[in-house]
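Results of the structural survey
Here's the letter readout for the chains.
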Amino acid sequence: YRGWFSRGMANRQKGRIDEALRDLLETVKREPRLAAAWDGIGNCRAGKGDFDGAILEYSAVLKLDAKFALAWGRRGLSKARKGDHDGVLFVRGFE
């Protein structure tokens, strides 16, 4: 899965969103618990303007790793970009 993930992230950095999405989707087929791959998929979907899809992917990241801070921010930004400003706000108690 590492090769797929590395290529997916490289493609995303080069702006090849469709290729990156294919590689990252293959990554999660092979290693479904890799939160960074789900985050990359969310970034690809957001980059294509699919904010609903991005929100779902970032939520998947957070189910795997609730401390993945970037996913919280990116999910909030995706909600804001689709106009859900109330959904952006989230208060979490200290544990």
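The coordinates are above.
1. Considering the overall build of the protein
- Helix and strand content of the protein: six helices and zero strands.
- The C-alpha radius of gyration computed for the protein amounts to 13 Å, which stays within 12% of the reference 12 Å derived for 95 residues, consistent with globular compactness.
- Principal axes of the C-alpha set define a box for the protein whose edges measure 40 × 30 × 20 Å.
- Counting only contacts in the protein whose residues sit at least 6 apart along the sequence, the fraction spanning at least 24 positions is 39%.
- Entry remark: accessible area of the protein is about 6100 Å², with carbon and sulfur atoms responsible for 53%.

2. Here we look at the packing of helix α1 (residues 2-13) against helix α3 (residues 35-47)
- Where α1 meets α3, the axes come as close as 11 Å, and the angle between the chain directions of the two elements is 30 degrees. Put simply, α1 runs roughly parallel to α3. Seen along the crossing, α1 lies across α3 with a hand that is left-handed. Across the interface between the two elements, F5, M9 and R12 of α1 pack against A36, A37, G40, N43 and C44 of α3.
- Here the contact of α1 with α3 is built from residues that sort into five nonpolar, two polar and one charged.

3. Some thoughts on α3
- Spanning 13 residues, α3 covers 18 Å between terminal C-alpha atoms, matching the ideal 18 Å at 1.5 Å per step.
- Across the 13 residues that make up α3, a large majority, 11, are buried.
- Listed in full, the buried residues belonging to α3 are A35, A37, W38, D39, G40, I41, G42, N43, C44, R45 and A46.
- Of the surrounding secondary structure, the elements contacted by the buried residues of α3 are α1, α2 (17-30), α4 (51-64) and α5 (69-81).
- Directly beyond the C-terminal end of α3, a positive phi value near 85 degrees is found at G49.

4. Quick notes on the nonpolar core
- Core analysis: the biggest nonpolar cluster contains 15 residues, and W38, I41, V61 and F68 have the highest contact counts within it.
- In terms of residues, this core owes the most to one element, α3, which gives five residues.
- Residues in contact with I41, not counting those within four places in the same chain, are L21, L24, L25, V28 and E57.

5. Quick notes on α1
- Compared with an ideal rise of 1.5 Å per residue, which puts 12 residues at 16 Å, α1 spans 17 Å between its outermost C-alpha atoms and is within 8% of the ideal.
- For α1, every residue scored as buried is listed here: F5, G8 and N11. Viewed along the axis of α1, the buried residues span an arc of 130 degrees, placing them on a single side of the element. Exposed side of α1, more than 90 degrees from the buried face: R2, G3 and Q13 are the residues found there.
- Looking at the packing, one finds that the buried side of α1 touches α2 and α3.
- G15, located one to two residues past α1, shows a positive phi value of around 85 degrees.

Conventions we followed
Residues numbered from 1 in each chain as written. Predicted model: local features only at pLDDT ≥ 70, side-chain atom pairs only at ≥ 80, totals over all residues. Heavy atoms only, no water. Helix = DSSP H or I, 4+ residues; strand = E, 2+ residues; numbered from the N terminus. Rg over C-alpha atoms; globule rule 2.2 N^0.38 Å. Contact = heavy atoms within 4.5 Å. Areas by Shrake-Rupley, 256 points an atom, 1.4 Å probe, with all protein chains shown as cover. Axes fitted to C-alpha atoms, helices over the stretch in contact; angles between N-to-C directions. Parallel < 35°, antiparallel > 145°, perpendicular 65-115°, else oblique. Left-handed = near helix turned anticlockwise from the far one by under 90°. Nonpolar A, V, L, I, M, F, W, Y, C, P; charged D, E, K, R; others polar. Expected span 1.5 Å × (residues − 1). Buried < 20%, exposed > 50% of the residue type's maximum accessible area, 1.4 Å probe, protein only. Core = buried A, V, L, I, M, F, W, Y, C linked by side-chain atoms within 4.5 Å. Arc of directions from axis to C-beta.

Everything listed here is a matter of geometry and, on its own, says nothing about what the molecule does.
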